[in-house]
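Residue-level listing of the chains:
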Amino acid sequence: MSLTREHLAQEIIDAGRFLYGRGWSPATSSNYSARLSPSEALLTVSGKHKGQLGPDDVLATDLSGNSLEPGKKPSAETLLHTQLYSWRPEIGAVLHTHSVNATVLSRLTPQDFIEFEDYELQKAFSGISTHESRVRVPIFDNDQDIARLAAKVQPWLDANPDCVGYLIRGHGLYTWGARMSDALRQIEAFEFLFECELKTRSVLNR
């Protein structure tokens, strides 16, 4: 059964309060979305404090990122959300956060990816059933030209259909799921793994 706009908006509001409370979406950073229909998405309005979202702080867009609600401006990164909905029809929610761990780790990693292996919590990601696996998370250089950034992301998505998330260097994390609860679960798993990786590097570099 498809969820109503009101229900999806409340899921976005609740996600914002949770993610802000964990320190993963400070101030007006981050953006969240949910699939509204096969051709529409519901996204956070640009410039809103994510811990204080209300029903009027979301708007509908088409999958080209165009606002369907006059007077409301979508996030500058809307195309990175709608790109994912176009890529895989089963994706129902996308979350983008700006945590300290994700930001620092992406800046400290010279390669264009981070790889996690043998962590039990990898099983929190959709499609992964064992710690005996590798989860490769690509890192894309930050770019204020979102269309250009999306054009760099798309080839990776096409070549890696099992991708569960990606980082933008010095910026933050994108992850997604069939439902908002799935996307939130993956955010938590990523944050645990990012913190483990940073602590491991700190110990090894002493």
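Residues numbered from 1 in each chain as written. Predicted model: local features only at pLDDT ≥ 70, side-chain atom pairs only at ≥ 80, totals over all residues. Heavy atoms only, no water.

**A look at the overall build of the chain**
For the record, the criterion: Where helices and strands are cited, they refer to DSSP runs of H or I of at least four residues and of E of at least two residues respectively, numbered from the N terminus. All radius of gyration figures rest on C-alpha atoms, and the globule criterion is 2.2 Å times the number of residues raised to 0.38. Exposure classes here rest on a 1.4 Å probe applied to the protein chains alone. A residue is buried below 20% of its type maximum, exposed above 50%, and partly exposed in between. Contacts are assigned to residue pairs with any non-hydrogen atoms lying within 4.5 Å of each other. Accessibility throughout is a Shrake-Rupley quantity obtained with a 1.4 Å probe, and a residue counts as covered only by protein chains that appear here. When charges are tallied, Lys and Arg are placed among the positive residues and Asp and Glu among the negative ones, while His and the ends of the chain are skipped. To locate a charge, take NZ of a lysine, CZ of an arginine, CG of an aspartate or CD of a glutamate.
In terms of helices and strands, the chain carries five helices and eight strands. Start at the N end of the chain and walk to the C end: the helices and strands fall as α-β-β-β-α-β-α-β-β-α-β-β-α. Relative to a compact globule of 206 residues, whose C-alpha radius of gyration would be 17 Å, the chain shows 16 Å and is just as compact. Counting only residues that meet the buried cut, the chain has 49% of its 206 residues in that class. Restricting the contact set of the chain to residue pairs at least 6 apart, pairs at least 24 apart contribute 59%. Just so you have it, the chain exposes about 10,000 Å², and 51% of that area is on carbon and sulfur atoms. Each charge class in the chain can be summarised by its mean position, and for the 21 positive and 26 negative side chains these summaries are 4 Å apart.

**Focus: the UniProt feature "binding site: Zn(2+)" (unreviewed entry) in the chain**
Our working rule: UniProt positions are given in the numbering used here, feature names are shortened, and annotations may be inferred rather than shown by experiment.
The UniProt feature table records "binding site: Zn(2+)" (unreviewed entry) at His96 and His98. As for its placement among the helices and strands, His96 is situated in strand β4 (residues 93-97). Relative accessible area serves as the criterion here: at 0%, His96 is assigned to the buried category. Residues within four places of His96 in sequence aside, it is in contact with Ser25, Ser30, Asn31, Tyr32, Glu77, His81, His171, Gly172, Leu173 and Tyr174.

**Thoughts on the pattern of salt bridges**
Pairing of side chains with opposite charge becomes possible as their charged atoms draw close. Stated formally: For this document, the term salt bridge refers to a Lys or Arg side-chain nitrogen within 4 Å of an Asp or Glu carboxyl oxygen.
Using the criterion set out here, one finds 15 salt bridges in the structure. Here Lys48 makes a salt bridge to Asp57, at a shortest N to O gap of 3.6 Å. Judged by its relative accessible area of 31%, Lys48 is partly exposed. A salt bridge links Glu195 to Lys199; the nearest nitrogen and oxygen atoms lie 3.3 Å apart. One end of the pair, Glu195, and the other, Lys199, are both in helix α5 (residues 180-204), four residues apart, so they sit about a helical turn from each other. Accessibility expressed as a relative area gives 35% for Glu195, which makes it partly exposed.

**Side note on a nonpolar patch on the surface**
Put simply, the rule reads: Patch definition: residues with relative accessible area over 30% and no salt bridge; like charges joined within 9 Å; nonpolar side chains (Val, Leu, Ile, Met, Phe, Trp, Tyr) joined within 5 Å.
A surface patch of nonpolar side chains, amounting to about 270 Å² of accessible area, comprises Val100, Val104 and Leu108. Locating Val104 in the fold gives a position in helix α3 (residues 100-108).

**Brief notes about the environment of Phe192**
In this fold, Phe192 is placed in helix α5. For Phe192, a relative accessible area of 41% translates into the label partly exposed. Spatially, the C-alpha atom of Phe192 lies 27 Å from that of Asp158, the residues being 34 residues apart in sequence.

**Details of the packing of aromatic side chains**
The criterion, for reference: For Phe, Tyr and Trp, rings pair up if their centres lie within 6.5 Å, where Trp contributes its six-membered ring, and each pair is then called stacked (planes under 30 degrees apart), edge-to-face (over 60) or tilted (otherwise). Whether a charge sits over a ring depends on NZ of Lys or CZ of Arg being within 6 Å of the ring centre and within 35 degrees of the ring normal.
Evaluation of the coordinates by the stated rule reveals nine aromatic pairs. Between Phe190 and Phe194, the aromatic rings sit 5.6 Å apart at their centres with planes inclined by 25°, giving stacked as the arrangement. One end of the pair, Phe190, and the other, Phe194, are both in helix α5, four residues apart, so they sit about a helical turn from each other. Residue placement shows Arg88 over the ring face of Trp87; its charged tip is 5.1 Å from the ring centre.

**Looking at the packing of helix α2 (residues 78-87) against helix α4 (residues 146-159)**
As a reminder of what qualifies: Note on method: axes are straight lines fitted to C-alpha atoms, helices fitted across the in-contact stretch only, with angles between N-to-C directions ranging 0 to 180 degrees. Orientation labels follow simple angle bins: below 35 degrees gives roughly parallel, above 145 gives roughly antiparallel, 65 to 115 gives roughly perpendicular, and whatever is left gives oblique. Take the far helix as your reference; a near helix turned counterclockwise from it by less than a right angle gives a left-handed crossing, and one turned clockwise gives a right-handed crossing. Classification convention: Asp, Glu, Lys, Arg as charged; Ala, Val, Leu, Ile, Met, Phe, Trp, Tyr, Cys, Pro as nonpolar; all other residues, Gly among them, as polar.
Contact geometry for α2 and α4: axes closest at 10 Å, N-to-C directions at 30°. One finds that α2 runs roughly parallel with respect to α4. Relative to α4, α2 is oriented so that their crossing is right-handed. In this structure, α2 uses Leu79, Leu80, Gln83, Leu84 and Trp87 to contact α4, whose residues at the interface are Ile146, Ala147, Leu149, Ala150, Val153, Gln154, Leu157 and Asp158. Residue composition of the contact of α2 with α4, by class: 10 nonpolar, two polar and one charged.

**With respect to helix α1 (residues 5-21)**
The criterion, for reference: Any helix carries an expected span of 1.5 Å times its number of residues minus one. It is the directions from the helix axis to the C-beta atoms whose arc is reported.
For α1, which comprises 17 residues, the first-to-last C-alpha distance of 24 Å matches the rise-based estimate of 24 Å (1.5 Å per residue) to within 8%. Residues of α1 that are buried: Leu8, Ala9, Ile12, Ile13, Ala15, Gly16 and Leu19. The arc that holds the buried residues of α1, viewed along the axis, is 160°, so those residues lie on one side. The outward face of α1, more than 90 degrees from its buried face, is lined by the exposed residues Glu6 and Gly21. In this structure, the buried residues of α1 make contact with β1 (31-37), β2 (40-44), β3 (58-62), β4 and α5. Gly23 sits one or two positions beyond α1 and adopts a positive phi of about 80°.

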